[in-house]
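# Coordinate analysis (summary)
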Amino acid sequence: MQSILSIFLTDKYISALLIKADPFSVVQSYIEKIPYEFDEFNAKLTNKKLSKIIENFKIPDEYKNAQRIISASSDFIPLDINIDYILEKLLDLIPYPIIVLDHFSNKSFLQLKEDEVNKYLNSKKYDIEVSYLTRVFLDSAYMKEYAKNHTSEFIDQNEIIITTMPIVGSKNKEYLDELIKTFADEIKIAGIWKFALDTTLSFVPLISAIVHLELNLKEFFDSQPINSDGKLIVAPGVEEIQILDENKKPTGESYKLETESINKFELPEDKSVIIKWNASGSKFEGKISGSDIGLIIDSRKRNNAK
Amino acid sequence: MLNNKVKFEEKVYLEVKYSEGMVSKVNVGEKIKSGDLLFTQISKEEKQKIKYTGSAKVKVGDKISPGDVLFETSGVFRKKTVSKTEAEVTKISKTSIYLKNAENSNGKGNEREEVRSPFDSVVEKILKDRIILSFSALTISLFESKGDPVFANLKYIPNIKFKDRKNPPQNIEDSIIITDKLTSETYPMLSTLGAVGVISNSIDYYLYRDIIILAVPVGIVSGFGTLKEDKILLKYLQDREDFIVWLDTTYNRLVIPEKKMPVDLKNYKFDLKNE
């Protein structure tokens, strides 16, 4: 039985997936904060240290001989560990936008206020958890850049995966809400986007395993719908949405939208509604399913929105 | 909390490079004292054996200067050979003239270039172009540092003392200054007053980023921003005033020679404290 332990290294965490090759299935997932301190003479992570961390993973006996594959971001490659897949190259292969938010390895911190920069860099050096607000600021800054630079991808792709480190204080919903609003600020086209939030950094080892097994990435992703953790509807200039029944007839239920604003509605992931709007420059009629954080409807006009 | 901010090490290694033309004055395994000579310039006196033909124009005991005639060939086409250095004639054989106290190969007359050990240490290795010394020391891992490594005596001066611009702190020349915080006024002042290194508990990130490293090397103990000094570490450093220390910017550390782990720091753990 072929099995793989696919490991992803960041400068703070090690995430891993234990994968059965045929049929392809995830047996277990792991995420561990690197428990070692860095100093000028001792690397924070080495092959030996990595093996010790893996020893603590509760790997079932039948998978003890799983083949190890390792991926890492190009700016975090421990010297004596052989890296099979570089994150940046993996992401180029994926037919979906996948946003990896490892705020310790991007340069967004220079956009923080003066004192926040100091605190952030101290946190980075001493492995102290950054405050929730600092983290949201940094990850939003990255999201802003990403949305700006990948706009063309979002015309065809309406599923976006965000993979990141654990968020302290059970604030996953608020965190995703902020990132979606940042995305909405930048996106210049009308559309509907579904967001999946992975806070165990597990998408990268998943992709590595798929690539390693030479599976068809598009087929894989098409056959595995992503979670609907957040949903954004960009409906420029829309003032009201109507709810239709199964036969697409008005139910009489309608909701006024706050104009030029971001509106939020509760609609759980397992529920869906047929909605309709008709505004100058924007028309829609169709079924919309909910998400963990409900529906975010952005009615702000875009200069070049269709 | 950091466990490894402060470490006592039985053997800290110091690599001292020497240039061509220098010779080691120590042996492997030798215990040396701070200030002991490690290398000195090879004087040309040992090699200054000048072969001559014709007749010597100097005699043993002559003190000669550049330009003085050493020997002269006889015959139709006489040729004079002159000294290029200051020297004393020690011996004249049938074929050679021997000189001593010659000019050094660095061209600095009789001033000899010397390299001395900054610390009591043991000679571990002597290689072609460097010597490795070892000594026991306490190392404080720095948050950041930049500039060239430097050895000098340590002085603690709190930032507030730099505010009186008319009466700045005295006797800081050739010292490594430890202070609680560095500001845009303090750093240039320290540089002007002749400090050879500055170690601050904290500093604003942007100021640190913009510091011109060529002026004075800088080390940061705790971190960026305005951070409280750690009382235990502060007391230890104040007690080491005037000790010769090593601001090792290559490995981001402050190295203070110690025979054993100081009692006050035995179970020390560093904790970041915001002011």
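This structure is a prediction, so every number in the text was calculated from the model and none was measured. (Residues numbered from 1 in each chain as written. Chains lettered and ligands numbered in written order. Predicted model: local features only at pLDDT ≥ 70, side-chain atom pairs only at ≥ 80, totals over all residues. Heavy atoms only, no water.)

### Structural notes on the packing of aromatic side chains
Let me state the cut-off plainly: Stacked, edge-to-face and tilted labels apply to pairs of Phe, Tyr and Trp rings (six-membered ring for Trp) whose centres lie within 6.5 Å, assigned for plane angles under 30 degrees, over 60, and everything in between, in that order. Secondary structure counts use DSSP, requiring at least four H or I residues in a row for a helix and at least two E residues in a row for a strand, with both numbered from the N terminus. Whether a charge lies above a ring is judged from NZ of Lys or CZ of Arg, which has to be within 6 Å of the ring centre and within 35 degrees of the ring normal.
Under the counting rule described, the total for this entry stands at 24 aromatic pairs over all chains. A centroid spacing of 4.1 Å and a plane angle of 35 degrees characterise the contact between Tyr18(B) and Phe39(B), whose relative ring orientation is tilted. You can see Tyr18(B) sitting in the loop between strand E1 (6–17) and strand E2 (22–24) and its partner Phe39(B) sitting in strand E4 (residues 37–41), a full 21 residues away along the chain. An aromatic cluster is defined as three or more aromatic residues linked by ring pairs; in this entry it consists of Phe109(A), Tyr120(A), Tyr126(A), Phe143(B), Tyr205(B), Tyr206(B), Tyr208(B), Phe224(B) and Phe270(B). If you follow Lys146(B) out to its NZ or CZ, it ends over the ring of Tyr208(B), 4.7 Å from the centre.

### Some thoughts on the environment of Glu113(B)
Inspection of the secondary structure assignment puts Glu113(B) in the loop between strand E11 (96–100) and strand E12 (114–116). Taking the C-alpha atoms as reference, Glu113(B) lies 40 Å from Asp164(B); in sequence the two are 51 residues apart.

### As for unusual backbone geometry
Stated precisely, the cut-off is as follows: Between buried and exposed lies partly exposed: a residue is buried under 20% and exposed over 50% of the maximum accessible area for its type, with that area taken using a 1.4 Å probe on protein chains only.
The residue after Asp22(A), namely Pro23(A), is reached through a cis peptide bond having omega -5 degrees. Mapped onto the elements, Pro23(A) comes out in the loop between strand E2 (13–20) and strand E3 (25–33). Positive phi is not limited to glycine here, since Asp242(B) has a value of about 75 degrees. Mapped onto the elements, Asp242(B) comes out in the loop between helix H3 (231–239) and strand E20 (244–248). On the basis of relative accessibility, which here comes to 45%, the residue Asp242(B) falls in the partly exposed class.

### Some words on empty space enclosed by the protein
Residues and elements named next belong to chain B. This is how the line gets drawn: Using protein atoms alone on a 1 Å grid, points that fit a 1.4 Å probe yet trap it form a cavity, whereas open point sets bounded by protein on both sides within 12 Å along at least five of seven lines form a pocket; residues with an atom within 4 Å of a point count as lining. Grid points are joined across faces, edges and corners, and a volume is the space filled by probe spheres set on the points.
In total, this model carries four cavities of 30 Å³ or more according to the counting rule given. By volume, the largest cavity amounts to about 90 Å³. Looking at the largest cavity, the residues that line it are Tyr-156, Ile-178, Thr-179, Ser-200, Asn-201, Val-221, Glu-229, Asp-230, Leu-233, Leu-234 and Leu-237. Secondary-structure elements contributing two or more residues to the lining of the largest cavity are strand E17 (175–182), strand E18 (197–203) and H3.

### Quick word on H3(B)
Residues and elements named next belong to chain B. Test applied: Note that the arc is defined by the directions from the helix axis to the C-beta atoms. Pairs of N or O atoms are called polar contacts if they sit within 3.5 Å, as long as, within protein, a hydrogen donor faces a hydrogen acceptor (for residues adjacent in sequence, only side-chain-to-side-chain pairs).
Buried within H3 are the following residues: Leu-233, Leu-234, Tyr-236 and Leu-237. The buried residues of H3 occupy an angular sector of 165 degrees when the element is viewed end-on, so they sit on one face. With a side-chain oxygen positioned 3.1 Å from the backbone nitrogen of Ile-232, the residue opening H3 is Asp-230.

### Things to note about the sheet that holds strand E7 (residues 63–64) of chain B
Each strand in a sheet pairs with another by means of backbone hydrogen bonds, the pair being arranged parallel or else antiparallel. Residue and element names in this part refer to chain B. Here is the rule we go by: DSSP bridges decide pairing: two strands pair if at least two such bridges lie between them.
The strand order across the open sheet built from four strands is E5-E11-E10-E7, with neighbouring strands paired in antiparallel fashion. The sheet is open, and its two edges are formed by strand E5 (49–51) and E7, each paired on a single side. Judged from the two bridges that link them, E7 and strand E10 (residues 87–92) form a sheet pairing that is antiparallel. The partner of Ile-64 across the bridge, within E10, is Ala-87.

### Points about the confidence of the model for chain B
All names here are of chain B. As a reminder of what qualifies: Confidence scores here are pLDDT values: one per residue, from the predictor, ranging 0 to 100. In what follows, a contact means two residues having at least one pair of non-hydrogen atoms within 4.5 Å.
For chain B, the mean per-residue pLDDT works out to 86, and 90% of the residues sit at or above 70. Counting contacts from residues 104–111, a segment whose pLDDT is below 50, to residues more than four positions away or on other chains yields 19 contacts. As scored by the predictor, the complex reaches a pTM of 0.74 and an ipTM of 0.71.

### Details of the sheet that holds strand E6 (residues 55–56) of chain B
Strand order in the open sheet formed by three strands is E6-E8-E9 (chain B), and the pairing between neighbours is antiparallel. Whereas interior strands pair on both sides, the edge strands pair on one side only; in this sheet they are E6 and strand E9 (80–82) of chain B.

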